[in-house]
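Results of the structural survey
Each chain is listed here by its residues.
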Amino acid sequence: MTVEEWPYRLIAGIGFISIAWLAWLTGKRTRLNWTTIGGSAALAWGLGILSFWFPGSRWLWSMINDLVVAVLTASQKGTVFLLGPLALGPGQTLPGGTVSIGFILAAQALPAVVFFAALMSGLYYVGAMQAIVRVFARLFYRTMGLSGAESLSGAANIFVGIEAGLIVRPYLAAMTQSELLLVLTCMMATVASTVMGIYVSALQQTVPQIAGHLISASIISIPCAVLISKLTWPEDGQPMTLGGVPSDPTDRDTSTTSDDHASPPPSNFIVALIDGAGQGMKMAVGIAALLIVFLGLEALVDLALGQLPAMNGTPLSVIRILAWLTWPFAVLLGLRPEEWQIGADLLGSRFIETEVAAYFKLAAVQATSPAPLSPRSLTAMTYALCGFVHVASMGIFVGGISALVPHRAKDISLLGLRALWTAFLTTLLTGCIAGVLSSS
């Protein structure tokens, strides 16, 4: 750690406190549960210290990164068989000498979603993921004073997205407003392992240990989500699962349509892989559709804004307006003054263009020479962008959870915009921790 970086690390630390205060200021401002507030803050920083400073952490994240990259490379075999040179990344060649034609998101990144979804479904079938989730659920329950259902949902969100709602499905109907907000915040403030391959594809050349960082960010984001959501909406009811973590989580492969049309769990490992691949295909198509629609809508709005008078010689655009709004948060992340514009552009664009486009923009910006972001700032931005914090995800998660408990649809929909805000603040807290603790 260089001496000249300490002022920016200090700013990131102040940013953590300021963002937490903002969550309280924009919330209900009722009596806080200091056990939960203190426990979540301590756990977030404790996990951050373990991730960045613990002697064995570099080896652990390196091992996880190598494992994810190896799995991602293995997943290419089927894609290359189907798509040939379209599936090759820049610089790769086929055995016959055919070279890559460049990076194509649909052909090189989205197929990884299908493979990872199938792999996760298989791991759930054999019980491996449930065992890992239960370890984290007990950690969260004991350190942060959450209800058992909140702990279980938070732990599941380290690895999955909307599927985490299925794990606590029996308890959603009786959840308090505070519990529902935490469930939605955790979903939007983390990334599912099924889409991790896309982010690794985008950044593995720019951030050497990107897969390890993404997993670390998802873990740290859970206590950060607890801190933000409980500052925004303190618990004022009586959660049904205060007594402990539920022992038998519901099956993740149950259909979200209705109890009367619930699909049975997979009968064997192969069926689990097939079901997972089918879910992954739907997810990949969904991601592609969201990018097509929202990038197209952004272009239409930019055309309309372009008819207004230019400011400082530059036409108005959606991303420019959002960048103005997120500029203070780029400062609070501890970025250097010359990096504020880049940080604000990325944070702002994510709301519309999704984190997929934001990560690819980050990779493109950092690939220029000289690289505009310092290693510490690059890590902070990587952590701050790690989450489904965009308008499309809000609709997906609110709709998905509402489908599980239709009679709570009104409560869940009213919490949607608040959850988008708390998830945004959560990812910023995670970025602040990285801005303070990451090495140069």
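Residues numbered from 1 in each chain as written. Predicted model: local features only at pLDDT ≥ 70, side-chain atom pairs only at ≥ 80, totals over all residues. Heavy atoms only, no water.

**What to know about the nonpolar core**
Of all hydrophobic cores here, the largest spans 128 residues; its most connected members are Tyr 199, Tyr 359, Leu 362, Met 381 and Leu 425. The residues contacting Tyr 199, other than those within four sequence positions of it, are Val 191, Ile 210, Leu 214, Glu 355, Val 356, Tyr 359 and Phe 388. (Core = buried A, V, L, I, M, F, W, Y, C linked by side-chain atoms within 4.5 Å. Buried < 20%, exposed > 50% of the residue type's maximum accessible area, 1.4 Å probe, protein only. Contact = heavy atoms within 4.5 Å.)

**Quick look at the pattern of salt bridges**
This model, assessed by the stated rule, comprises eight salt bridges. When the shortest N-O distance is used, the salt bridge between Glu 150 and Lys 230 registers 2.7 Å. Taken together, the residues Glu 150 in helix 7 (residues 148-156) and Lys 230 in helix 12 (residues 210-232) connect sequence positions 80 residues apart. For the residue pair Glu 150 and Lys 230, the accessibility class agrees, reading buried in each case. A salt bridge links Glu 235 to Lys 230, with the shortest nitrogen-to-oxygen separation between them at 3.9 Å. When its relative accessible area of 26% is taken as the criterion, Glu 235 is described as partly exposed. Several salt bridges converge on common partners, so that one network encompasses Glu 5, Arg 9, Arg 336 and Arg 376. (Salt bridge = Lys/Arg side-chain N within 4 Å of Asp/Glu carboxyl O. Helix = DSSP H or I, 4+ residues; strand = E, 2+ residues; numbered from the N terminus.)

**Overview of empty space enclosed by the protein**
In this approach a probe as big as a water molecule rolls over the atoms, and the regions it shows empty are the leftover space. Under the defined criterion, the tally for this structure stands at one cavity of 30 Å³ or more. Here the largest cavity defines a volume of roughly 50 Å³. Lining the largest cavity we find Leu 72, Ser 75, Gln 76, Thr 79, Ala 87, Ala 107, Gln 108, Pro 111 and Ala 112. Elements represented by at least two residues in the lining of the largest cavity include exactly helix 3 (57-83), helix 4 (105-108) and helix 5 (110-125). A total of four residues in the lining of the largest cavity trace back to one element, the largest contributor, which is helix 3. Looking at side-chain class alone, the lining of the largest cavity contains five nonpolar, four polar and no charged residues. (1 Å grid on protein atoms, 1.4 Å probe; cavity = no way out; pocket = protein on both sides within 12 Å on 5 of 7 lines; lining within 4 Å. Points joined across faces, edges and corners; volume = space filled by probe spheres on them. Nonpolar A, V, L, I, M, F, W, Y, C, P; charged D, E, K, R; others polar.)

**Points about a nonpolar patch on the surface**
On the surface, Phe 81, Leu 82, Leu 83, Leu 86 and Ile 101 cluster together into a nonpolar patch covering about 570 Å² of accessible area. Assignment of secondary structure puts Leu 82 in helix 3. (Patch = residues over 30% accessible without salt bridge, like charges linked within 9 Å, V, L, I, M, F, W, Y side chains within 5 Å. Areas by Shrake-Rupley, 256 points an atom, 1.4 Å probe, with all protein chains shown as cover.)

**Re the packing of aromatic side chains**
Inspection of every chain in the model, using the stated rule, returns nine aromatic pairs. Taken together, a centroid distance of 6.5 Å and an interplanar angle of 70 degrees make the contact between Phe 329 and Trp 421 edge-to-face. Of the two residues, Phe 329 sits in helix 14 (residues 318-332) while Trp 421 sits in helix 18 (residues 409-437), which places them 92 residues apart along the sequence. According to the relative accessible area criterion, Trp 421 is partly exposed, its value standing at 28%. Here a set of aromatic residues connected by ring pairs shows up, and it is made of Phe 329, Phe 351, Trp 421 and Phe 424. Residue placement shows Arg 9 over the ring face of Trp 6; its charged tip is 5.8 Å from the ring centre. The residue whose ring lies beneath Arg 29 is Trp 24, and the NZ or CZ to ring-centre distance is 6.0 Å. (Phe/Tyr/Trp six-rings, centres within 6.5 Å; stacked < 30°, edge-to-face > 60°. Lys NZ or Arg CZ within 6 Å of the ring centre and 35° of its normal.)

**A closer look at unusual backbone geometry**
Of note, the bond from Ser 369 into Pro 370 is cis; its omega dihedral lies within 30 degrees of zero at 0 degrees. Along the chain, Pro 370 falls in the loop between helix 15 (340-366) and helix 16 (375-384). Notably, Arg 29 is not glycine yet its phi reads approximately 55 degrees, a positive angle. Topologically, Arg 29 is positioned in the loop between helix 1 (6-25) and helix 2 (34-52). Its identity as a non-glycine residue notwithstanding, Thr 354 has a phi of 75 degrees, on the positive side.

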